[in-house]
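A closer look at the structure
Listed below are the residues making up each chain.
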Amino acid sequence: AQSVSQHNHHVILSEAASLELGCNYSYGGTVNLFWYVQYPGQHLQLLLKYFSGDPLVKGIKGFEAEFIKSKFSFNLRKPSVQWSDTAEYFCAVSRGSQGNLIFGKGTKLSVKP
Amino acid sequence: DTGVSQNPRHKITKRGQNVTFRCDPISEHNRLYWYRQTLGQGPEFLTYFQNEAQLEKSRLLSDRFSAERPKGSFSTLEIQRTEQGDSAMYLCASTHSGGTDTQYFGPGTRLTVL
C-alpha cells in the first residue's frame, strides 16, 4: 500500500544535540513533500516543503530537509536543537494537483534543557 | 486572527447522536480539506472542496459522514448515528489551490463519543 513512514516514534535529545528525523514514502512519480510541526497545545504548521529544484530545502527555525529521490526519502535535520523544539513532527506527501496530504504517524521530539 | 477557525473545539456526544462541525477557512482560499486524526496517528484525509464542489472523498468517509461547502466559504462536516470509533480530532485546512501550496490548518474539533 502507498504510505509515508517515519522511523522514530519518540526521540529524546539534550539541547544542542543534532537532530535527524527519517521519512520515507512509497509513491512513484512526482511527489510534493512536506514537514509539519505541532507544538504542544498548538495546531499543525508548516516547517518546510519541497516540490522541485534544489533537493536541500531550508525551512523555519533552522530546520532543513533533503530530498533523495533514489531513496524515496525526505529526512528532516537541525544541527542544534533547543528546548523550544519539543513538539511532534509529521512528514507528509501529496501527489498531482489534488493536494490532499498523506501523513506519516509522526515523531515526538523531547528536548531536555 | 485571520487563520482557519473551527467550531466547536470540543464535542462530547452519546453514541447514535448526530454531530456537526464547522470550519471557516482563510478568506479567499479556494480549497478546503477535512482530515481526521486519532491517537498515535498522523492526520488522515477525508475529503476536499474546490470552491463549493466536493471533488474527492476518501474511503474513510462512510455514508454516515457528509460534508458541504455552500457558496464556497465555510464548510460543515456532519456525522450521523455516531459510533465510538468516530472519536477523533477532526481537522480542517485551507489553501489557495492544491499541489504545492501550503495547507493552513485549524485547531481542530475533538469529538468524544460515549
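Residues numbered from 1 in each chain as written. Chains lettered and ligands numbered in written order. Predicted model: local features only at pLDDT ≥ 70, side-chain atom pairs only at ≥ 80, totals over all residues. Heavy atoms only, no water.

**Observations regarding the overall build of chain A**
To keep things clear, this is the line we draw: Helix and strand assignments come from DSSP, with helices taken as H or I runs of at least 4 residues and strands as E runs of at least 2, each series counted from the N terminus. In this treatment the radius of gyration is a C-alpha quantity, and the globule benchmark scales as 2.2 Å times the residue count to the 0.38 power. Throughout this description, buried means an accessible area under 20% of the type-specific maximum (1.4 Å probe, protein chains only), exposed means over 50%, and partly exposed covers the range between. Two residues qualify as a contact provided that any one of their heavy atoms is within 4.5 Å of a heavy atom in the partner residue. Under the convention used here, Asp and Glu are negative, Lys and Arg are positive, and both His and the chain ends fall outside the count. A single reference atom marks each charge: NZ on Lys, CZ on Arg, CG on Asp, CD on Glu.
Tallying secondary structure elements over chain A gives zero helices and 12 strands in all. Scanning chain A from its N terminus toward the C terminus, one meets helices and strands in the order β-β-β-β-β-β-β-β-β-β-β-β. Relative to the 2.2 N^0.38 estimate, which gives 13 Å for 113 residues, the radius of gyration of chain A is 13 Å and therefore close to what a compact globule would have. Over its C-alpha atoms, taken along the principal directions, chain A stretches across nearly 40 × 25 × 20 Å. Taking all 113 residues of chain A together, the buried fraction comes to 45%. A separation of at least 24 residues holds for 54% of the contacts in chain A among residues at least 6 apart in sequence. Distance between charge centroids for chain A: 6 Å, based on 11 positive and 7 negative side chains.

**Re unusual backbone geometry**
All names here are of chain B. Proline 8 follows asparagine 7 through a cis peptide bond whose omega is -10°. If you trace the backbone, proline 8 turns up in the loop between strand S1 (5-7) and strand S2 (10-13). Phi at asparagine 51 is positive, roughly 55°, even though this residue is not glycine. Locating asparagine 51 in the fold gives a position in the loop between strand S5 (44-50) and strand S6 (53-57). Notably, lysine 71 is not glycine yet its phi reads approximately 60°, a positive angle.

**A closer look at the sheet that holds strand S8 (residues 75-79) of chain B**
All names here are of chain B. Rule in force here: Here the rule is simple: two strands pair whenever DSSP picks up at least two bridges between them. The angle between two axes is taken between their N-to-C directions and runs from 0 to 180 degrees, where each axis is a line fitted to C-alpha atoms and a helix contributes only its stretch in contact.
Strand order across the open sheet formed by four strands is S1-S3-S8-S7, with antiparallel pairing between neighbours. Since the sheet does not close on itself, it has two edges, and those belong to S1 and strand S7 (65-68), each with one partner. With direction set aside, neighbouring strand axes in the sheet form an average angle of 15°. Direction of pairing for S1 relative to strand S3 (residues 19-24): antiparallel, over a ladder of three bridges. Each bridged residue has a counterpart across the sheet, and for glutamine 6 the counterpart in S3 is cysteine 23.

**Digging into the pattern of salt bridges**
Residue and element names in this part refer to chain A. The condition that has to hold: Just to be clear on terms, a salt bridge is a Lys or Arg side-chain nitrogen sitting within 4 Å of an Asp or Glu carboxyl oxygen.
Within this structure, the stated rule accounts for seven salt bridges over all chains. Here glutamate 64 and arginine 77 are joined by a salt bridge, their closest N and O atoms 3.4 Å apart. One end of the pair, glutamate 64, is in strand S8 (residues 64-68); the other, arginine 77, is in strand S9 (residues 73-78), and 13 residues separate them in sequence. Since its relative accessible area comes to 19%, glutamate 64 is described here as buried. Since its relative accessible area comes to 22%, arginine 77 is described here as partly exposed.

**A closer look at the environment of tyrosine 50 of chain A**
All names here are of chain A. Looking at the secondary structure, you find tyrosine 50 in strand S6 (residues 45-50). For tyrosine 50, a relative accessible area of 9% puts it in the buried group. If we skip the residues at most four places from it in the chain, tyrosine 50 touches Val31, Asn32, Leu33, Pro55, Val57, Phe67 and Phe74.

**Brief notes about the pairing of S6 of chain A**
Sheet faces and side chains relate simply in a regular strand, where the side chains alternate between the two faces. Residue and element names in this part refer to chain A. For strand S5 (residues 32-38) and S6, the ladder comprises five bridges, and the chain directions are antiparallel. Bridge pairing links tryptophan 35 to leucine 48 in S6. Hairpin connection from S5 to S6: six residues lie between these consecutive antiparallel strands, with glycine 41 at a positive phi of about 80°.

**Points about the interface of chain A and chain B**
The line we're drawing: Once two parts are joined, some of their accessible surface, as seen by a 1.4 Å probe, is lost; buried area is that loss totalled over both. By the criterion applied in these results, polar contacts are pairs of N or O atoms within 3.5 Å in which, for protein atoms, one can donate a hydrogen and the other can accept it, and in which residues neighboring in sequence qualify only through two side-chain atoms.
Each partner contributes residues to the interface: chain A has 20 residues there, and chain B has 21 residues. When chain A packs against chain B, close to 1,600 Å² is buried across both sides, 52% of that on carbon and sulfur atoms. For the interface between chain A and chain B, the tally reads zero salt bridges. Taken together, the links from chain A to chain B amount to five residue pairs in polar contact (both at pLDDT 80 or more). Residue assignment for the side of chain A that touches chain B shows that the elements contributing at least two residues are S5, S6 and strand S10 (87-94) of chain A. With four residues, the top contributor of residues to the side of chain A that touches chain B is S5 of chain A.

**Some thoughts on the pairing of S7 of chain B**
Residues and elements named next belong to chain B. Burial along S7 is one-sided: Phe65 and Ala67 are buried, and none of Ser66 and Glu68, which face the opposite way, are. Where S7 lies against S8, four bridges are found, and the strand directions are antiparallel. Its bridge partner being in S8, phenylalanine 65 is matched across the sheet by isoleucine 79. Two successive antiparallel strands, S7 and S8, enclose a turn made up of six residues, where lysine 71 displays a positive phi of approximately 60°.

Interpretation in functional terms is not warranted from these geometric data alone.
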